[in-house]
Amino acid sequence: MAPAPAMIAHGWELHSTQDGSDKFYRVLVIGTVTLINYGPKNTTGQFIAHCFAGVGDAAKTAQEKARILTNAKSEKGYRITRDFTEFTVDRPHAALLADLGYGSHRVNGIPVEIRETIVARFRRAADEQGTAAVGASL
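Okay, so let's go over this structure.

**Quick word on the pattern of salt bridges**
- The tally for this structure, following the rule as stated, stands at four salt bridges.
- As a salt-bridge pair, Glu64 and Arg67 come within 2.4 Å of each other at their nearest N and O atoms. Of this pair, Glu64 and Arg67 are both found in helix H1 (residues 58-75), three residues apart, which corresponds to roughly one turn of the helix.
- Exposure remark for Glu64: the relative accessible area of 35% places this residue in the partly exposed category.
- For Arg67, a relative accessible area of 41% translates into the label partly exposed.
- A cluster of three or more residues bridged by salt bridges with shared partners is formed by Glu13, Arg26 and Arg82.

So this is what it looks like as structure tokens:
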């Protein structure tokens, strides 16, 4: 069986240790979706998908949302632990996210294996591209 066709996505990760916390905030832009993964460092965390399908230039809107969310976290003292990284996502996985429809959604309906695969590919690509810094979440 041929592997599922992949698409290029990009992402980065921030980390905070302020006020005794130890948490990450991962921003992944997958087509028309900004996927946020956040939580205590070295955990799976939670996921929220901001979907922009049907909006003018949806991919550009997803990128702008990622920039806004990143700036807000930076203002709160988060620092980059994985810099801009390109990685691949299987198109069927990206389609599942886009099919959530316009708006912000908790992605509990997306199978955990798919969420974990997307994050694992991002982390692996960051390691291969040298964009992961000391202190990046597992």
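**A closer look at the pairing of strand S3 (residues 33-40)**
- Counting buried residues in S3 gives six out of eight residues, a clear majority hidden from the surface.
- Where strand S2 (residues 23-30) lies against S3, eight bridges are found, and the strand directions are antiparallel. Bridge pairing links Val27 to Ile36 in S3.
- Linking two consecutive strands that pair antiparallel, namely S2 and S3, is a turn of two residues; a positive phi of about 65 degrees is found at Gly31 within it.
- Alignment of S3 against strand S4 (residues 46-51), held across six bridges, turns out to be antiparallel. Across the sheet, the residue bridging to Val33 is Cys51, located in S4.
- From the end of S3 to the start of S4, which pair antiparallel, there are five residues, and Asn42 there has a positive phi angle of about 65 degrees.

**A look at the sheet that holds S4**
- Ordered in space as S5-S1-S2-S3-S4-S6, the six strands form an open sheet in which the pairing is antiparallel. The open sheet has two edge strands with one neighbour each: strand S5 (79-90) and strand S6 (103-106). Adjacent strand axes in the sheet meet at a mean angle of 20 degrees when their direction is disregarded.
- Relative to S5, strand S1 (residues 6-16) is paired through nine bridges, and the arrangement is antiparallel. Bridge assignment links Ile8 to a residue of S5, and that residue is Thr88.
- Strands in contact with H1 are S1, S2, S3 and S4; relative to S2, the strand with the most contacts, it is inclined by about 165 degrees.
- Helix-sheet contacts for helix H3 (residues 112-129) involve S1, S2, S3, S4 and S5, and the interaxial angle to S5 is about 120 degrees.

Reading the values: the criteria
- Residues numbered from 1 in each chain as written.
- Predicted model: local features only at pLDDT ≥ 70, side-chain atom pairs only at ≥ 80, totals over all residues.
- Heavy atoms only, no water.
- Salt bridge = Lys/Arg side-chain N within 4 Å of Asp/Glu carboxyl O.
- Helix = DSSP H or I, 4+ residues; strand = E, 2+ residues; numbered from the N terminus.
- Buried < 20%, exposed > 50% of the residue type's maximum accessible area, 1.4 Å probe, protein only.
- Pairing = 2+ DSSP bridges.
- Axes fitted to C-alpha atoms, helices over the stretch in contact; angles between N-to-C directions.
- Contact = heavy atoms within 4.5 Å.

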